[in-house]
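Take a look at the letters that make up each chain.
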Amino acid sequence: MAWGLLIFAGMMEIIGVIGIKRVSETNNLSNNLILIGGFIVSFTLLSEAMKSIDLSTAYAVWTGIGTVGAAIVGILLYRESTSPLRLFCMAGVICCVLGLKLLG
């Protein structure tokens, strides 16, 4: 159950980051609610997951999901670069997070 919460927390971090981007473009109530709501839910779920998952592993997984997820959102919604080196670095983040999980 804790792993499900952690994965969902990472996804909600992506929602919070989308909120940041939206607020930077148009500062209105709905965009601020996306930003604040996404991060509140994300932090709450992360905190709950950390009750049974080690801090180092939980934080690495959470930030990894947020980092790679935000990069994918940038590619899909905001036409950010899909250069091979950028995709390689995203794969590197995923490999490092998996390594921390498997070796922890």
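Residues numbered from 1 in each chain as written. Predicted model: local features only at pLDDT ≥ 70, side-chain atom pairs only at ≥ 80, totals over all residues. Heavy atoms only, no water.

Draft legend 1. Broad picture of helix H1 (residues 2-25). Here H1 contains 24 residues, and its C-alpha end-to-end distance of 35 Å stays within 8% of the 34 Å for a straight helix at 1.5 Å per residue. Along H1, the residues classified as buried are Ala2, Leu5, Leu6, Ala9, Gly10, Met12, Glu13, Ile14, Gly16, Ile18, Gly19 and Val23. Structurally, H1 contributes buried residues whose contacts are with helix H2 (29-49) and helix H3 (55-78). (Helix = DSSP H or I, 4+ residues; strand = E, 2+ residues; numbered from the N terminus. Expected span 1.5 Å × (residues − 1). Buried < 20%, exposed > 50% of the residue type's maximum accessible area, 1.4 Å probe, protein only. Contact = heavy atoms within 4.5 Å.)

Draft legend 2. Geometry of the packing of H1 against H3. Where H1 meets H3, the closest approach of the two axes is 8 Å, and the angle between their N-to-C directions is 45°. With respect to H3, the axis of H1 lies oblique. Classified by chirality, the crossing of H3 by H1 is right-handed. Of the residues that constitute the contact of H1 with H3, the class distribution is 15 nonpolar, five polar and four charged. (Axes fitted to C-alpha atoms, helices over the stretch in contact; angles between N-to-C directions. Parallel < 35°, antiparallel > 145°, perpendicular 65-115°, else oblique. Left-handed = near helix turned anticlockwise from the far one by under 90°. Nonpolar A, V, L, I, M, F, W, Y, C, P; charged D, E, K, R; others polar.)

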